[in-house]
There are 2 protein chains.
Amino acid sequence: MNAVRKQLPEVSAVRYARLPDPFEMWKGGALSGAQLAYESWGQLNAERSNAILLFTGLSPSSHAASSTPSPEPGWWERMIGPGRAIDTDRFFVMCVNSLGSCFGSTGPASVNPATGKIWRLNFPELSVEDIARAGFEAARALGIEQLDTVMGPSLGGMVVTAFAAVARGGARRLVSISGSSASSPFAIALRAVQREAVMSDPAWNNGQYAENERGPQAGMRVARKMGTITYRSAAEWSGRFGRSGLTEVGQRAVESALARVPPGFGPRFAVETYLEAQAEKFVRVFDPNCYLYLSRAMDCFDIAEHGVAPDIYRRSGIAKALVIGVESDFLFKVEEQEQIARDLQAAGIPTTFAHLHSIEGHDAFLVDLPHFDAAIRGFLNS
Amino acid sequence: MNAVRKQLPEVSAVRYARLPDPFEMWKGGALSGAQLAYESWGQLNAERSNAILLFTGLSPSSHAASSTPSPEPGWWERMIGPGRAIDTDRFFVMCVNSLGSCFGSTGPASVNPATGKIWRLNFPELSVEDIARAGFEAARALGIEQLDTVMGPSLGGMVVTAFAAVARGGARRLVSISGSSASSPFAIALRAVQREAVMSDPAWNNGQYAENERGPQAGMRVARKMGTITYRSAAEWSGRFGRSGLTEVGQRAVESALARVPPGFGPRFAVETYLEAQAEKFVRVFDPNCYLYLSRAMDCFDIAEHGVAPDIYRRSGIAKALVIGVESDFLFKVEEQEQIARDLQAAGIPTTFAHLHSIEGHDAFLVDLPHFDAAIRGFLNS
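What counts, and where the lines are drawn
Residues numbered from 1 in each chain as written. Chains lettered and ligands numbered in written order. Predicted model: local features only at pLDDT ≥ 70, side-chain atom pairs only at ≥ 80, totals over all residues. Helix = DSSP H or I, 4+ residues; strand = E, 2+ residues; numbered from the N terminus. Rg over C-alpha atoms; globule rule 2.2 N^0.38 Å. Buried ≥ 20, exposed ≤ 12 C-beta atoms within 10 Å, placed from the backbone. Contact = placed C-beta atoms within 7 Å. Pairing = 2+ DSSP bridges. Axes fitted to C-alpha atoms, helices over the stretch in contact; angles between N-to-C directions. Least-squares fit on C-alpha atoms with pLDDT ≥ 70 in both. Parallel < 35°, antiparallel > 145°, perpendicular 65-115°, else oblique. Left-handed = near helix turned anticlockwise from the far one by under 90°. Nonpolar A, V, L, I, M, F, W, Y, C, P; charged D, E, K, R; others polar. Expected span 1.5 Å × (residues − 1). Domains from an automatic or database assignment. pLDDT = per-residue confidence, 0-100.

1. A look at the overall build of chain A
Phase 1: When you go through chain A residue by residue, the secondary structure sums to twelve helices and 14 strands.
Phase 2: A compact globule built from 382 residues should have a C-alpha radius of gyration of about 21 Å, and chain A, at 20 Å, falls within 12% of that.
Phase 3: Seen along its three principal axes, the alpha-carbon backbone of chain A occupies a region of about 65 × 50 × 45 Å.
Phase 4: The 382 residues of chain A split such that 58% are buried.
Phase 5: Nonlocal contacts in chain A, meaning residues at least 24 apart in sequence, comprise 71% of its contacts between residues at least 6 apart.

Structure, rendered in structure tokens:
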């Protein structure tokens, strides 16, 4: 069904949830035969009342944590498990690969059953609302009508605010991490240029790159490096890399880069080899058209399209909320998370706002685990 | 002599100063028959003691202000003139086009007299030190052995710190604006990705694009848009653009963009049309190889290569200094300017540090003229 799904290991923790058919898209158009890939940890109780639905950032798969069939560490490995902040002794945790992504969920890299061809740019416009609703439908496919908690970082932190608007009564608690209820013009500008880097690469070929080729790798590499720069902070890099030259570890990346650019024009500093390594990992697995759709969906999201934010939250059925923001995040500024918290409070929902001073910027949720662990553990136990 | 020089209007305020022949480059190699383009305003006094040498940021030409032969407004029009902050009733002001740039000065787009061919990637490695020393030699070509003041913003703010190291006794006063004495890993990362965008464009062709063609325009466009994002601030854009859609003014830019990308994938927000307009202006005039050389020179500059900073300044002959930094500048952080000021003070040089709260980020010196006017006027009058 999905071009990329073929690449998944045959034995895997990934499961697939059918979405309602047709699945109507928020901005028009519909999908038929659509599915979401997900993984889960812990046991669903008899009342089906202990489920946590976890949305991801732009690029991860549903593999948030390891399990017997998929033992490699997940993207939030140290947060999910028995006795961990997201305690799988108490909760049934499911992480969904976003609608529109390429790790088993339906998206632009999937086959359109009506034509037998890959959707590519004929995929309908994707909205953050679609990602939210598809995630909820994946939970409903397991018989879960109300989640204990809906949670997500980054894009996922936007998705949970959309969830409050489009899945009324769908969750009792909400955790929004380093998210936003409307992209800032600064973030829009950054993502627009990232997409332009991909679309300017002749190998993109208006989305018609060959299925078994790697497509606009040079453009994807530039886009991912730009993204990586915005996911951390200048202060972290000053401490971590300073002006160090190429390390031995980075030498492989240099050699790879030197094959593409003339001698003397490749990387010279350790920070460049870090970017190279991050880009290489991403380019190898992420479908360029899916990237464009997800990136644009983030730009276009604005909770105001659903009405006044406190009114939306008041009608959402959310009874308690945690919002986390990071001081050094310059992509999704802490003021944006503060706004989400204020809107939830204005709706009369008891809301904790955790303003963290982590140095790691937007990606702090992946790195500064002690602070995130404490905030999330405290909330889920409350 | 210079490929781009041909494009200058026949009647122009631009003059050319011959550099010593050969002109030895800081990191090795030498130029023969090299020149700097410059413009000047005001009169040099009989003692040749009233000269201000102005260096530019990465992209401007020597056209800092208008004059009868070149009446179009310059890049610092409202700062230079009779009675203005840089008062041409008192000072002889000369602005140089940086060595390595493409507006009349010798650089990778110039003809190498030894071969009769354009230098391109055979141009020797360019350093910030070369830009500083070439500027000083241009002043010496006019018989000026000591400047009243050496001044520069952005790249120019780096160049003046290099000037203190390589042109001892060359200036009595120094003004460094939004500069740095060593690029941070964050700035290095941003510029490395910008260069990669240019070098990834197949039209770059390892620097061998045709002389009369526009070369890697798509890559240059992405690079300049990335740059533009880092020259302003998120807060300024939130106020200026918010989430506004395309304006009528921006429609032309959209149409131009839609010719390159499929319908629905072009700009949707006002901020995107601003980026498009900025990129279009730049791509039309700036030589891609020159851009790569200047960008890399900034990455590699580190005053520590000359010794301990206060020692360098103590030997420089500088008797008084002004350093200006802007709170909202995230490309050249205000802490970097504070460091320059501290090093000057540690050298025993009376130094004013102006920490400005302009919202316009790195480019504030082009926009927030009242604050820059006051700081520079006060210093030059003191």
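Moving on, there is more to tell.
2. Points about the sheet that holds strand β5 (residues 51-54) of chain A
Residues and elements named next belong to chain A.
Phase 1: Strands sit in the order β1-β4-β8-β5-β11-β12-β13-β14 across an open sheet of eight strands; the sheet is mixed. At either end of the open sheet lies a strand with only one pairing partner, and these are β1 (15-18) and β14 (351-356). Going from strand to strand, the sheet's axes swing by 20° on average, the running direction of each strand aside.
Phase 2: Examined bridge by bridge, strand β12 (residues 171-177) and strand β13 (residues 320-326) share five bridges and lie parallel to one another. The residue bridging Ile177 from the neighbouring strand is Ile324, located in β13.
Phase 3: Helix-sheet contacts for helix α1 (residues 128-141) involve β1, β4 (35-41), β5, β8 (92-96) and β11 (147-153), and the interaxial angle to β4 is about 65°.
Phase 4: Taken strand by strand, helix α2 (residues 155-166) contacts β11 and β12, and its axis lies near 140° from that of β11.

3. With respect to the interface of chain A and chain B
Accessible area lost upon the coming together of the parts serves often as the stated size of an interface.
Phase 1: The interface of chain A with chain B comprises 40 residues on the first partner and 40 residues on the second.
Phase 2: Examining the composition of the side of chain A that touches chain B, we find that eleven residues originate from one element, helix α3 (residues 185-200) of chain A, more than from any other.

4. With respect to the sheet that holds strand β11 (residues 147-153) of chain B
Residues and elements named next belong to chain B.
Phase 1: Reading across the sheet, the eight strands line up as β1-β4-β8-β5-β11-β12-β13-β14 and stay open at both edges, with mixed pairing between neighbours. Lying at the two open borders of the sheet, with one neighbouring strand each, are β1 (15-18) and β14 (351-356). Neighbour-to-neighbour, the strand axes of the sheet open up by a mean angle of 20°, direction not taken into account.
Phase 2: Along the sheet face, helix α10 (residues 334-346) touches β12 (171-177), β13 (320-326) and β14 and points at about 165° away from the line of β13.

5. A closer look at the relation of the copies chain A and chain B
Phase 1: Each copy of the sequence occupies a distinct position, and chain A is placed on chain B by a rotation of 180° and an axial shift of 0.0 Å, giving an RMSD of 0.0 Å. Taken together, the rotation and translation describe the operation of a two-fold axis.
Phase 2: Mapped onto chain B, 100% of the interface residues of chain A are again interface residues, and the two copies thus contact each other with one and the same surface.

6. Section: the environment of A:Val160
All names here are of chain A.
Phase 1: Here Val160 lies in helix α2.
Phase 2: Linking Val160 and Ser49, residues 111 residues apart in sequence, is a C-alpha distance of 18 Å.
Phase 3: When sequence neighbours within four positions are dropped, the list of residues in contact with Val160 reads Phe55, Val150, Met151, Gly152, Leu174, Val175, Ser176 and Gly179.

7. Quick word on the packing of helix α4 (residues 217-231) of chain A against helix α7 (residues 270-285) of chain A
Residues and elements named next belong to chain A.
Phase 1: For the pair α4 and α7, interaxial distance at closest approach is 8 Å and the crossing angle is 125°. As summarised for this structure, α4 and α7 are arranged oblique, according to the angle between their axes. Read as a crossing pair, α4 and α7 show a hand that is right-handed. Residues Gln217, Met220, Arg221, Arg224, Lys225 and Thr228 of α4 lie in contact with α7, whose contacting residues are Leu275, Gln278, Ala279, Phe282 and Val283.
Phase 2: Residue classes in the contact of α4 with α7 are distributed as five nonpolar, three polar and three charged.

8. A short note on helix α8 (residues 288-300) of chain A
At 3.6 residues per turn, the α-helix brings residues three or four places apart onto the same side.
Phase 1: Along its 13 residues, α8(A) runs 19 Å from first to last C-alpha, staying within 8% of the 18 Å computed at 1.5 Å per residue.
Phase 2: For α8(A), a buried count of 13 out of 13 residues is recorded, marking the element as mostly surrounded by other parts of the structure.

9. Some words on the domain arrangement of chain A
Residues and elements named next belong to chain A.
Phase 1: You can read the domains of chain A as domain 1 (5-182 + 303-381) and domain 2 (187-291).
Phase 2: Domain 1 and domain 2 are separated by 26 Å when their C-alpha centres are compared.
Phase 3: If you look at the interface, domain 1 gives 19 residues, while domain 2 gives 16 residues.
Phase 4: Taken together, the residues of the side of domain 1 that touches domain 2 break down into nine nonpolar, seven polar and three charged.

10. Re the packing of α4(A) against helix α3 (residues 185-200) of chain B
Phase 1: Packing of α4(A) against α3(B) leaves a shortest axis separation of 10 Å and a crossing angle of 170°. The angle between α4(A) and α3(B) falls in the class roughly antiparallel. Packed against α4(A), whose contacting residues are A:Ala218, A:Val222, A:Lys225, A:Met226 and A:Ile229, the element α3(B) presents B:Ala189, B:Leu190, B:Val193, B:Glu196, B:Ala197 and B:Ser200 at the interface.
Phase 2: Of the residues assigned to the contact of α4(A) with α3(B), the class counts are eight nonpolar, one polar and two charged.

11. Thoughts on the pairing of strand β8 (residues 92-96) of chain B
Residues and elements named next belong to chain B.
Phase 1: Most of β8 is tucked away, with five of its five residues classed as buried.
Phase 2: Alternating positions in β8 separate into two faces, Phe92, Met94 and Val96 on one and Val93 and Cys95 on the other, with burial throughout.
Phase 3: Pairing geometry for strand β4 (residues 35-41) and β8, over four bridges, is antiparallel. In the sheet register, Glu39 faces β8, and the bridge partner there is Cys95.
Phase 4: Two elements, strand β5 (residues 51-54) and β8, share four bridges in a ladder whose sense is parallel. Residue pairing across strands places Ala51 opposite Phe92, the latter belonging to β8.

12. What about unusual backbone geometry?
Phase 1: Residue A:Pro22 follows A:Asp21 across a cis peptide bond; omega there is 0°.
Phase 2: Here A:Pro22 is to be found in the loop between β1 and β2 (23-24).
Phase 3: Backbone geometry places B:Arg48, a non-glycine residue, at a positive phi of 55°.
Phase 4: With respect to the element layout, B:Arg48 can be found in the loop between β4 and β5.

13. What about helix α1 (residues 128-141) of chain B?
All names here are of chain B.
Phase 1: Taking 1.5 Å of rise per residue, 14 residues should cover 20 Å, and α1 covers 20 Å from first to last C-alpha, within 8% of that figure.
Phase 2: The buried fraction of α1 is high, at twelve of 14 residues.
Phase 3: Taken together, the buried positions of α1 are occupied by Val128, Glu129, Asp130, Ile131, Ala132, Arg133, Ala134, Gly135, Phe136, Glu137, Ala138 and Ala139.

14. Details of the confidence of the model for chain A
Phase 1: Taken residue by residue, chain A gives an average pLDDT of 94. The fraction at 70 or more is 94%.
Phase 2: In this model, residues 1-6 of chain A is a region of pLDDT below 50 whose contacts with residues beyond four sequence positions or in other chains number 16 contacts.

15. Structural notes on the environment of A:Glu336
Residues and elements named next belong to chain A.
Phase 1: Checked against the element boundaries, Glu336 lands in helix α10 (residues 334-346).
Phase 2: Taking the C-beta count within 10 Å as the criterion, Glu336 has 24 such neighbours and is therefore assigned buried.
Phase 3: Put simply, Glu336 and Ile52 are 284 residues apart on the chain and 24 Å apart in space, counted from C-alpha to C-alpha.
Phase 4: Not counting residues up to four positions away in its chain, the partners in contact with Glu336 are Ser180 and Ser184.

16. Some thoughts on the environment of A:Ser183
Residue and element names in this part refer to chain A.
Phase 1: You can see Ser183 is positioned in the loop between β12 and α3.
Phase 2: Along the backbone, Ser183 and Ala347 are 164 residues apart, and their C-alpha atoms lie at a distance of 21 Å.
Phase 3: The contact partners of Ser183, leaving out residues within four places of it in the chain, are Ile188, Met298, Asp299 and Phe301.

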